[in-house]
Amino acid sequence: MGASKKESVEVDKKKNSKKTQTTKKEKHNTEESVLAQKQEGAATDYKELSADDDSEDYKSVGESEAGDGESSGDEGNHKSGSSEGLAIDGQSEDSEPDQGAEESDSSEDEVAPRNTVGDVPLEWYRDEKHIGYDIAGKKIKKKEKQDKLDSFLANVDDSKNWRKIYDEYNDEEVELTKEETKLVRRMLKGKTPHADFDPYAVLGLVRAIRKGYIKFDKPKEEPRFYMLWGDDASSSEKTGHLSYIPAPKPNMPGHEESYNPSLEYIPTQEEINSYQLMDEEDRPKFIPKRFTSLRSIPAYENAVKDSFERCLDLYLCPRVRKKRINIDPESLKPKLPSRKDLRPYPATCYLEYRGHKGAVMSISAEASGQWIASGSSDGTVRLWEVETCRCIKVWEFGEVVQYVAWNPLPELPILAVTVGQDVFLLNSGLGNEEIQRKVKELLHVETPTAPEDSGNKVSGWSWRQDDEHEGIRLRHFKSVYSVEWHRKGDYFSTVMPADILSIHCHLIAFLFLALESIVLCMKSISHT
Amino acid sequence: MVARKKPSTMVARKKHYRPPGKKKEGNASRYVTRSQAIKQLQVTLGFFRRLSILKGIFPREPKKKFKGNNHTYYHVKDIAFLQHEPLLDKFRDIRAYQKKIKKAEAKKNADLATLLRTREPTYKLDRLVRERYPKFVDALRDLDDCLTMVHLFAALPAVERAKIDVELIHNCRRLSHEWQAYVCRTYKLRKVFISVKGIYYQAEIEGQKITWLTPHAMQQVLPDDVNFSVMLTFLEFYETLLGFVNFRLYHSLNVKYPPILDPKLEALASDLYALSRYIVSNTRTSTLEPKAASSSPSEQLEAKEKEMQADESELRLAQLQHQLPSNEPGALMHLMEGAECENEDDQDTKECKRLFKNMKFFLSREVPRESLLFVIPAFGGVVSWDGEAAPYKEADQSISHQIVDRPTQGHRYLSREYIQPQWIYDCINAWIILPTEAYMVGRIPPPHLSPFVDNDAEGYVPDYAETIKRLQAAARNEVLPMPGVGKEDLDDPQNLLVEGYISRAEASEAAQTKKKMVTLEKQYHEELQSELQGAVMKKSKQGSTEHAKASEESVPDPKQIAEDIETMSKLGMSRKKRGLLEAIEKRKERNTARISKLKERKKKLKSSEN
């Protein structure tokens, strides 16, 4: 069995070696050569890819391939001198040196055959004593042929005999290694010679190529830059979104930022020290420095940071369009009219009302504008005609007159006067008879009886007919400052300090009285 | 009667009471707080942040903050705008996809993970740029922050911890160089200011003043208290924006964009990157041990040298870009176009173009080369530097100015002037060629003033600003500088020309007459003014005398009257206006205090000098 195997191997080998010798430059048809080709093709693919991007994975794959090649080369080394058996591997690769340059070019692989006869049928030397010539041109003698029996006996003794092959070309016996026999066996079975070569990976690659995942022609690179702004006239299309607010430009550097500023820009040491005492915000961020020559300027340590801060400003700061305030501060002030423009205004004294002996405390004009009443600190109230300065009437009170006020109704010419603790309602005596009658009727009050004092105290005032001045006298419990009529003439109010003891004694006692109901009011009070 | 009353009470109720489920009214219906918005959009805060940055959505201030002061309010329309953004869906897709990858990795399915990685979905921001800036001018108007950021990142080291990519930094550098190349090429630069923070540039493009800040060419230290993801989101948008802006600008020059660079220089750039990376790792260790770093100056020196080297190669790249338009195949066309451009140029551009004309500069090793290489050609000068690939060598006899920033200069060519770099910047800001005497090697240069300050409005004019003003007037042939000040004018060619016309004596005479005229005029104006005031005063006095006659009591005092009028008018103001006025007055006061402080310091300095 062993012998038959050996023979078959031998035959096979011979066939192969012959083929490689005869058709060195032809394409191989044998399975292994095709496979080898594929393998190489895959390798080249990988190589291309790895050239594309230097990914280590591809490299490692490539290396493993290369390693395979080398290992086979090493195997060849074991059998230096007789490369017949190895020729399958080595020479098949040799035949396509352009493809598998990496794998087959090692010199160890290429150990030249001893015989230099070249690619000639060995039959030519059958009858000669030599088989060919070595490099030096000397004849290589044929070995003495052993006796067939002897050789057979020897073969039987030798357990490794089945591995031995006779190399006719070099006239040698070659012993195959274990690995080589494995290779041969795999090839006989129609498998790929290398066990660690996966044909399905190749299939995968083929599929990837077919599907276009792996592209061999690099995509045509488009020019990165082109004419983006063709003609600006056409590009005035309006965008639908909000208006763009350009970021404000950074401040321009002043003289003090110069590398060689004028001396007056450089703060003294004391000033620099004083900066330390300042508040963080007030402290100047930049302290001018002076370098006497350009070569002595150091690198600015905050260059990157400044740039970064600008970036932050650009994308983090809210932007608002603000009108630049470039106004003359004078224009902010409202223009006061000059006195000249206000003319004509009374500039000279035109009328003078003489008669009062003390300071005039208050004046009031009658509704018709014909009369003026004035109250003075000399204790008199005088009634004047406006146009003629004539004093028509004088009331004397003997106390300082604080305030006078006319009833705003023209048909009721009543004058309210405050004197000390009293408010007098006086009949001015103006107007026709009917008016006078009406006024007199209004100003007539019955004198309340004495026991009503307590009720008066509660209310804070008391009504009394004042015959002396032909009017009504309202007595308050404190001095009255002023009196004011309602514009309809029905009510009036008086003001007096609320409490002397409390310091914030603003005031206030408002009395609302209807003139028409005064009598009624009084009556009701008297009744109760 | 009853029936009529009922609805009125209903209406009155509705104002105050909103039954549940009814629509809101007023500010509460128009604004939402941030957390509400996030809920509505169904995104995380980080997503929301990112989206709002990219979309340019910002909070708005409602008139009434219905949820209190501590909330950020967004307008409902803004949020709806975000909700309809296709990018939102895209982000979700990307997130889901990343989960897939993670899953594959967790299952140790490396093949799948790698396969998935090759097909990761991406997104573009082009549409957003167009949406946010419908016109090109809008984009230019908002370009300040963009440029500042891109220039800052161009100077930053790549740090993995902060997710600052190498490619990102490269891209920033490229974009910033492209921008600078355009500005330089079209002579659009107007003002430059060296501050402690960096160098401010201001260009004027299409009538828009664009100001940006570039950090000094030093190693930047990354602070820990900065959220880089926010900055990177901003940068992502800015990169896209600047790319498109550059495209448009280059297109207007008829130059292809992106510019194609020499592969050799590209290789150099990568080399440069490796160097910068190395420096980063160095600085990282040095930040860990600041003491060690400070204690070993030699190490620092080394780092500096490396930086210089890095600068050099970078500069070569920049230089190439500067030269690029002329290197293009259609160089002739460019020439033609250049001629056309000159007709179109406004007055400013023409003047800028002429400033350094016929001057040849050479930069020593220690000057800020990148800035000067940008600035000098932008004002019409020719410049070279110490290093490889320079257009001309130091020994070139036609060099008129050599820019040096060291205490002493060893070997000197007599045909050229040795000046400090500040001279260039001061000339640019003054728009005239300043006398070089004050900027000689080894001297402390005169103060460098900010061109962004309106001295008159500020109320305080530094001495040197006045000197420059006088020199400017001299350059315009109006008035010659005061005798004694302008003796250094002999040095520069423009003033020499002027002096050719008028002899020295005549000049001083003219100056004096002019001065007299000015003083006379001033006096006249003052008198006029005082007359006017006097008339007013007299009138008021008359009025007051009248008043006095009438009252026979109060003694009229014009001051008192003025005060009275002031208080009267203040009394008549509304509260709002009064507040405003007070604020204005406060500000004025602060300003005057500041100015008086400056003056006081100046006085002290002078007295101490004497």
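Residues numbered from 1 in each chain as written. Chains lettered and ligands numbered in written order. Predicted model: local features only at pLDDT ≥ 70, side-chain atom pairs only at ≥ 80, totals over all residues. Heavy atoms only, no water.

K.L.:
Any details on the overall build of chain B? Residues and values, ideally.
P.N.:
Looking only at helices and strands, chain B features 25 helices and 9 strands. Of the contacts made within chain B by residues no fewer than 6 positions apart, 63% connect residues no fewer than 24 positions apart. Carbon and sulfur atoms make up 54% of the accessible area of chain B, which totals about 34800 Å². (Helix = DSSP H or I, 4+ residues; strand = E, 2+ residues; numbered from the N terminus. Contact = heavy atoms within 4.5 Å. Areas by Shrake-Rupley, 256 points an atom, 1.4 Å probe, with all protein chains shown as cover.)

K.L.:
Kindly report on the overall build of chain A, identifying the contributing residues and their values.
P.N.:
When its secondary structure is counted, chain A shows 14 helices and 15 strands. Residues classed as buried in chain A amount to 37% of the 528 residues present. Accessible surface computed for chain A: about 33700 Å², of which carbon and sulfur atoms make up 52%. (Buried < 20%, exposed > 50% of the residue type's maximum accessible area, 1.4 Å probe, protein only.)

K.L.:
Give a description of the UniProt feature "coiled-coil region" (unreviewed entry) in chain B that names residues and reports values.
P.N.:
Residues and elements named next belong to chain B. As annotated by UniProt and renumbered to match this structure, "coiled-coil region" (unreviewed entry) occupies residues 87–114 and 581–608. The distance from the first to the last C-alpha atom of residues 87–114 is 25 Å, and the span holds 89% helix and 0% strand. Overall, residues 581–608 shows 100% helix and 0% strand. The separation of its end C-alpha atoms is 40 Å. (UniProt positions renumbered as here; feature names shortened; annotations may be inferred.)

K.L.:
With reference to specific residues and values, describe the packing of aromatic side chains.
P.N.:
Evaluated as defined, the whole model comprises 26 aromatic pairs over all chains. On the basis of an interplanar angle of 70 degrees and a centroid distance of 5.6 Å, the ring pair of tyrosine 353 of chain A and tryptophan 384 of chain A is categorised as edge-to-face. With tyrosine 353 of chain A in the loop between helix H11 (329–332) and strand E5 (360–365) and tryptophan 384 of chain A in strand E7 (residues 380–385), this residue pair connects regions lying 31 residues apart in the sequence. On the basis of relative accessible area, tyrosine 353 of chain A is assigned to the partly exposed category, the value being 29%. By the ring-pair criterion, three or more aromatic residues cluster together here, those being Tyr315 of chain A together with Tyr133, Phe234, Phe237 and Tyr238 of chain B. It is arginine 248 of chain B that lies over the ring of phenylalanine 136 of chain B; its NZ or CZ is 4.6 Å from the centre. Its guanidinium or amino end placed over the ring of tyrosine 413 of chain B, arginine 416 of chain B lies 4.1 Å from that ring's centre, counting from NZ or CZ. (Phe/Tyr/Trp six-rings, centres within 6.5 Å; stacked < 30°, edge-to-face > 60°. Lys NZ or Arg CZ within 6 Å of the ring centre and 35° of its normal.)

K.L.:
I'd love a proper account of helix H8 (residues 199–211) of chain A, names of residues and values included.
P.N.:
In an α-helix, one full turn covers 3.6 residues, which means residues spaced three or four apart are oriented alike. All names here are of chain A. With 13 residues, H8 ought to run about 18 Å at 1.5 Å a step, and its terminal C-alpha atoms sit 18 Å apart, in line with that. Buried residues of H8: Val202, Leu205 and Ala208, and no others. The buried residues of H8 occupy an angular sector of 120 degrees when projected down its axis, which confines them to one face. The outward face of H8, more than 90 degrees from its buried face, is lined by the exposed residues Tyr200, Arg207, Arg210 and Lys211. Put simply, aspartate 198 is the residue that caps the front of H8, since its side-chain oxygen is 3.0 Å from the backbone nitrogen of tyrosine 200. (Expected span 1.5 Å × (residues − 1). Arc of directions from axis to C-beta. Polar contact = N/O pair within 3.5 Å; in protein donor to acceptor, adjacent residues only side chain to side chain.)

K.L.:
Can you lay out the pairing of strand E14 (residues 482–485) of chain A for me, pointing to particular residues and giving the numbers?
P.N.:
Residue and element names in this part refer to chain A. Bridge count between E14 and strand E15 (residues 492–495): 4 bridges; the pairing is antiparallel. Among the inter-strand pairings, tryptophan 485 is bridged to a residue of E15, identified as phenylalanine 492. Two successive antiparallel strands, E14 and E15, enclose a turn made up of 6 residues, where glycine 489 displays a positive phi of approximately 80 degrees. (Pairing = 2+ DSSP bridges.)

K.L.:
Run through the sheet that holds strand E4 (residues 199–205) of chain B, naming residues and quoting values.
P.N.:
All names here are of chain B. Read from one edge to the other, the open sheet built from 3 strands follows the order E3-E4-E5, with strand pairing classed as antiparallel. A strand with exactly one partner marks an edge of an open sheet, and here the two such strands are strand E3 (189–194) and strand E5 (208–214). The sheet shows a mean angle of 15 degrees between the axes of neighbouring strands, direction not considered. Two strands pair when backbone bridges link them, and E3 and E4 are joined in this way by 5 bridges, in the antiparallel orientation. From the neighbouring strand, valine 192 faces E4, where its bridge partner is tyrosine 201. (Axes fitted to C-alpha atoms, helices over the stretch in contact; angles between N-to-C directions.)

K.L.:
Describe the packing of helix H4 (residues 45–55) of chain B against helix H12 (residues 228–252) of chain B, naming the residues involved and giving the relevant values.
P.N.:
Residues and elements named next belong to chain B. Running from N to C, H4 and H12 point in directions that differ by 35 degrees, and their axes come no closer than 9 Å. Crossing angle aside, the handedness with which H4 passes H12 is right-handed. Within the contact between the two elements, H4 uses Arg49, Arg50, Ile53 and Leu54 and H12 uses Val230, Thr233, Phe234, Glu236 and Phe237. (Left-handed = near helix turned anticlockwise from the far one by under 90°.)

K.L.:
Can you break down a nonpolar patch on the surface residue by residue, with the values?
P.N.:
All names here are of chain A. Among the surface-exposed residues, Leu149, Phe152, Leu153 and Val156 lie close enough to one another that they form a single nonpolar patch of about 400 Å² accessible area. Here leucine 153 shows up in helix H6 (residues 148–157). The partly exposed category is assigned to leucine 153, whose relative accessible area is 45%. (Patch = residues over 30% accessible without salt bridge, like charges linked within 9 Å, V, L, I, M, F, W, Y side chains within 5 Å. Salt bridge = Lys/Arg side-chain N within 4 Å of Asp/Glu carboxyl O.)

K.L.:
A description of the interface of chain A and chain B should follow, citing residues and the corresponding values.
P.N.:
For interface size, the figure often reported is the accessible area lost on association. In this assembly, 79 residues from chain A lie in contact with 113 residues from chain B. Interface area, chain A with chain B, both sides summed: about 8700 Å², of which 63% is carbon and sulfur. Three residues stand out in chain A for area buried against chain B, namely Phe225, Trp229 and Tyr315 of chain A, and they jointly supply 10% of the buried area on that side. Counting the contacts that link chain A with chain B gives 7 salt bridges. Between lysine 249 of chain A and aspartate 144 of chain B there is a salt bridge, with the nearest N and O atoms lying 3.6 Å from each other. Summed over the shared surface of chain A and chain B, the number is 27 residue pairs in polar contact (both at pLDDT 80 or more). (Buried area = accessible area lost by both parts, 1.4 Å probe.)

K.L.:
Report on the environment of proline 261 of chain A, specifying residues and quantitative values.
P.N.:
Mapping proline 261 of chain A onto the fold places it in the loop between H8 and helix H9 (269–277). Each C-alpha atom, one on proline 261 of chain A and one on arginine 290 of chain A, is 6.3 Å from the other, the two residues being 29 residues apart in sequence. Not counting chain neighbours up to four residues away, the residues in contact with proline 261 of chain A comprise His255, Glu256, Ile266, Lys289 and Arg290 of chain A together with Pro447 and His448 of chain B.

K.L.:
Can you break down the side chain of serine 362 of chain A residue by residue, with the values?
P.N.:
All names here are of chain A. Residue position: serine 362 is located in strand E5. Reaching out from serine 362, the side chain makes a polar contact with the backbone nitrogen of valine 404 at a distance of 3.1 Å. Among all residues touching serine 362, those that are not within four sequence positions of it are Ala373, Ser374, Gly375, Gln402, Tyr403 and Val404.

K.L.:
Give a detailed account of the sheet that holds E7 of chain A, specifying residues and quantitative values.
P.N.:
All names here are of chain A. Strand order in this open sheet of 4 strands is E5-E6-E7-E8, and the pairing throughout is antiparallel. The sheet is open, and its two edges are formed by E5 and strand E8 (391–396), each paired on a single side. Taking the axes of each pair of neighbouring strands and ignoring which way they run, one obtains an average angle of 15 degrees across the sheet. Pairing of E5 with strand E6 (residues 371–376) involves 5 bridges; the strand directions are antiparallel. Bridging across to E6, isoleucine 363 finds its partner in serine 374.

K.L.:
Residue-level account of a positive patch on the surface, with values.
P.N.:
A surface patch of positive charge is lined by Lys178, Lys182, Arg185, Lys189 and Lys191 of chain A. Note on placement: lysine 191 of chain A falls in the loop between helix H7 (178–188) and H8. (Lys, Arg positive; Asp, Glu negative; His and termini not counted. Charge placed at Lys NZ, Arg CZ, Asp CG, Glu CD.)

K.L.:
Which residues make up helix H3 (residues 34–41) of chain B, and what are the values?
P.N.:
Residues and elements named next belong to chain B. Those residues of H3 that fall on the buried side of the exposure criterion are Ala37, Ile38 and Leu41. Down the axis of H3, the buried side of the element spans an arc of 100 degrees, and every buried residue falls inside it. Of the surrounding elements, those touching the buried residues of H3 are strand E1 (31–33), H4, helix H5 (76–83) and helix H6 (86–106). Once H3 finishes, glutamine 42 follows within two positions and takes phi at roughly 60 degrees, a positive value.

K.L.:
Go over the confidence of the model for chain A, please, and point to the residues and values.
P.N.:
All names here are of chain A. Per-residue confidence for chain A averages 71 on the pLDDT scale, and 67% of its residues sit at or above 70. Of all helices and strands in chain A, the one with the weakest mean pLDDT is helix H14 (residues 518–527) (39), whereas helix H10 (residues 303–316) scores best (93). Predicted confidence is poor over residues 1–109, with pLDDT under 50, and the contacts of this stretch with residues over four places away or in other chains come to 114 contacts. The model gives residues 449–458 a pLDDT under 50, and that stretch makes 6 contacts with residues more than four places away or in other chains. (pLDDT = per-residue confidence, 0-100.)

K.L.:
Explain the pattern of salt bridges to me, using residue names and the numbers behind them.
P.N.:
Residue and element names in this part refer to chain B. Applying the stated rule across the entire model yields 32 salt bridges over all chains. Among the salt bridges present, the one from lysine 55 reaches glutamate 85, with a minimum N-O distance of 2.4 Å. Highlighted residues: lysine 55 in helix H4 and glutamate 85 in the loop between H5 and H6, separated in sequence by 30 residues. Using a relative accessible area of 3% as the deciding quantity, one classes lysine 55 as buried. One salt bridge in this structure joins aspartate 386 and arginine 365, with 3.8 Å as the shortest N-O distance.

K.L.:
With reference to specific residues and values, describe the state of the cysteines.
P.N.:
Residues and elements named next belong to chain A. By the definition in use, this model includes 0 disulfides over all chains. Of all cysteine sulfurs, the one in cysteine 349 lies closest to cysteine 389, which takes part in no disulfide; the gap is 9.2 Å. You can call cysteine 389 buried: its relative accessible area is 19%. (Disulfide = S-S within 2.5 Å.)

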